[in-house]
Amino acid sequence: MFWTIAGFLIVLGIVIIVHELGHYWAARIAGVRVRTFSIGFGRAIVKWTAKGGTVWKIALLPLGGYVSLYGHEDIFDRKKFESLPPEKKKGHYLSASGWMQAMISAAGVILNFVLAFVIYTVLSIGWPRQVQLPVIGQVIQNSVAYNAGVRAGDVIARIDGAKIGNWGDIIIAKELAASRDAKIAIIRGEKLVQVQLSPAERWGLIADGAKTEMQRKNIWTGIRAGAREVWIQTKTIITVLKQIITGERSSKQLGSFILIAQMSGQALAAGIAALLSLTALLSINLGILNLLPLPVLDGGHLLIRGIEGITRRKLQGKAMEYIFISGWIFIGLLFIMTMKNDIFRVLGW
């Protein structure tokens, strides 16, 4: 239980703090006054007021965070902003240009991806790791791979055009293939053989445990490896979300804070490298989630700024309020569904 709680607070705390700092710094650059910077929701456990007037606090429920900007609520009633005296407009959210408002919305997501890139780069450079090479040690008889002609000793070079460097890449590529056929390029001796594997829960491939390699990157190759890992994980998460939306994959795979806590506890017990790797992955997850075009999320704000930029009209009034309420309802339903998934998973249902 200790590892679970400690790991959860560390991982989620880092990811949320970085995300909210993105919004905070962007607001300061845009000249918008930040009223509150909160890690968590509800009653404050610790809080203090900075010189610039921003209230910094750590709240009771560590399930997220927020940055409260002066005047942000006036997006529903711009006439209120227009009626303010000049001195009251200083530092107001609506005093910032549309581009600066968009930057404030996007900055949290950008910093999440930057955090993931930095972590993956540091892990590539500072933590040499033994990787399983994509050499097949055994093919289960009558499996998908066996029936397609794959044999022990084959080396998987590419899957659906993506280069395969280790066994982990094979697992990711299979996830991306999901319910469609996967095109596999295999090196067999001096020949390049092409096969096609149909969708299945397992392809029937077992790695050759003796074929491993110790990998450690220099600064340049580490940076490239960090960028590549961010790209692969981003692509994987987006593909999985798309497959859940289209029904190709079950929504039962989605998890809530319970799953995050379990994974964080396991990672903390496994060591600093595992904890950092999970932090990077969750940072990408948070970034992608916030880019969804829902009004209460950063992606929704960016969509609204985009519509306003194209139409040259400011969205406001009751319609905007209803849009935001519908967004909160959707988030609430998603939270209930993921909590149900986790509870059923814990109970073994």
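Refer to the structure printed above.
Thresholds, definitions, all that
- Residues numbered from 1 in each chain as written.
- Predicted model: local features only at pLDDT ≥ 70, side-chain atom pairs only at ≥ 80, totals over all residues.
- Heavy atoms only, no water.
- Helix = DSSP H or I, 4+ residues; strand = E, 2+ residues; numbered from the N terminus.
- Buried < 20%, exposed > 50% of the residue type's maximum accessible area, 1.4 Å probe, protein only.
- Contact = heavy atoms within 4.5 Å.
- Areas by Shrake-Rupley, 256 points an atom, 1.4 Å probe, with all protein chains shown as cover.
- Polar contact = N/O pair within 3.5 Å; in protein donor to acceptor, adjacent residues only side chain to side chain.
- Pairing = 2+ DSSP bridges.
- Core = buried A, V, L, I, M, F, W, Y, C linked by side-chain atoms within 4.5 Å.
- Salt bridge = Lys/Arg side-chain N within 4 Å of Asp/Glu carboxyl O.
- Axes fitted to C-alpha atoms, helices over the stretch in contact; angles between N-to-C directions.
- Parallel < 35°, antiparallel > 145°, perpendicular 65-115°, else oblique.
- Left-handed = near helix turned anticlockwise from the far one by under 90°.
- Expected span 1.5 Å × (residues − 1).
- Phe/Tyr/Trp six-rings, centres within 6.5 Å; stacked < 30°, edge-to-face > 60°.
- Lys NZ or Arg CZ within 6 Å of the ring centre and 35° of its normal.

(A) Broad picture of the overall build of the chain. When helices and strands are counted, the chain shows eleven helices and ten strands. Reported as C-alpha extents along the three principal axes, the dimensions of the chain are approximately 80 × 45 × 40 Å. With 349 residues in all, the chain has 41% of them scored as buried. Across the chain, the fraction of contacts at a sequence separation of at least 24, relative to all contacts at a separation of at least 6, is 66%. With the model as given, the accessible surface of the chain reaches about 19,700 Å², and the carbon-plus-sulfur share is 64%.

(B) Region of interest: the side chain of Asp154. With respect to the helices and strands, the residue Asp154 is situated in the loop between α5 (144-147) and β5 (155-159). In this structure the side chain of Asp154 is engaged in a polar contact, spanning 2.9 Å, whose partner is the backbone nitrogen of Arg151. Polar contacts involving the side chain of Asp154 include one to the side chain of Arg188, which spans 2.8 Å. With residues up to four places along the chain from it excluded, the contact list for Asp154 reads Pro134, Val135, Ile136, Gly149, Ile186, Ile187 and Arg188.

(C) Spatial organisation of the pairing of strand β8 (residues 191-197). Here strand β7 (residues 182-188) runs beside β8; their pairing, made up of seven bridges, is antiparallel. In the sheet register, Ile187 faces β8, and the bridge partner there is Leu192. Between β7 and β8, which pair antiparallel in sequence order, lie two residues; one of them, Gly189, sits at a positive phi of approximately 70 degrees.

(D) Expanded view of the environment of Ile10. With respect to the helices and strands, Ile10 occurs in helix α1 (residues 2-30). The partly exposed category is assigned to Ile10, whose relative accessible area is 36%. The sequence separation of Ile10 and Ser326 amounts to 316 residues, and the corresponding C-alpha distance is 32 Å.

(E) Molecular detail of the nonpolar core. If you look at the biggest cluster of nonpolar residues, it comprises 37 residues, and the most contacted ones within it are Val32, Phe37, Leu69, Tyr93 and Ile104. Elements that contribute at least two residues to this core include exactly α1, β1 (34-49), β2 (55-69), α4 (98-126), α8 (257-270) and α9 (272-290). Beyond its immediate sequence surroundings of up to four residues, Val32 is in contact with Ala27, Leu69, Tyr70, Gly91, His92, Tyr93, Ala96 and Ile104. In this structure, Ile136, Ala145, Ile184 and Ile186 belong to the second largest nonpolar core, which totals 20 residues.

(F) Here's a closer look at the pattern of salt bridges. Applying the stated criterion to the full structure yields three salt bridges. Notably, a salt bridge pairs Asp154 with Arg188, separated by 2.8 Å at the nearest N-O pair. Placement of Asp154 in the loop between α5 and β5 and of Arg188 in strand β7 is noted, with a sequence separation of 34 residues between them. Residue Asp154 is classed as buried on the basis of its relative accessible area of 2%. A relative accessible area of 32% places Arg188 in the partly exposed class.

(G) How the structure looks around the packing of α4 against helix α7 (residues 219-246). Two elements in contact, α4 and α7, have axes whose closest approach is 8 Å; the angle formed by their N-to-C orientations is 130 degrees. Classed by the angle they form, the pair α4 and α7 counts as oblique. Between α4 and α7 the crossing geometry is right-handed. Contacts between α4 and α7 involve Phe113, Ala116, Phe117, Tyr120, Thr121, Ser124 and Ile125 from the former and Ile219, Gly222, Ile223, Ala225, Gly226, Ala227, Glu229, Val230, Gln233 and Thr234 from the latter.

(H) Local environment of helix α10 (residues 298-311). In a regular helix each residue adds 1.5 Å, so 14 residues correspond to 20 Å; α10 covers 20 Å between its end C-alpha atoms and thus fits that length. Of all the positions in α10, only Asp298, Gly299, Gly300, His301, Ile304, Arg305 and Glu308 are classed as buried. Downstream of α10 by a residue or two, Arg312 has a phi angle that is positive, lying close to 60 degrees.

(I) Focus on the packing of aromatic side chains. Within the structure shown, the criterion is met by four aromatic pairs. Summarising the aromatic geometry, the rings of Tyr24 and Trp56 are spaced 5.0 Å apart at their centres and angled 65 degrees between planes, so their arrangement reads as edge-to-face. Within this pair, whereas Tyr24 is found in helix α1, its partner Trp56 is found in strand β2, the two being separated by 32 residues in sequence. Of the aromatic side chains, those joined through ring pairs into one cluster are Tyr24, Phe37 and Trp56. One residue, Arg33, lies across the ring of Tyr70, its end atom 4.3 Å from the ring centre. Sitting over the face of the ring of Tyr146, Arg151 holds its NZ or CZ atom 4.1 Å from the ring centroid.

(J) Spatial organisation of unusual backbone geometry. A positive phi angle, near 65 degrees, is found at Asn142, a position not held by glycine. Mapped onto the elements of the fold, Asn142 is located in the loop between β4 (136-139) and α5. Using a relative accessible area of 62% as the deciding quantity, one classes Asn142 as exposed. Phi angles above zero are rare outside glycine, and Asp160 is one such case at about 55 degrees. Turning to its location among the elements, Asp160 is positioned in the loop between β5 and β6 (162-163). Asp160 gets classed as partly exposed once you look at its relative accessible area, which sits at 33%.

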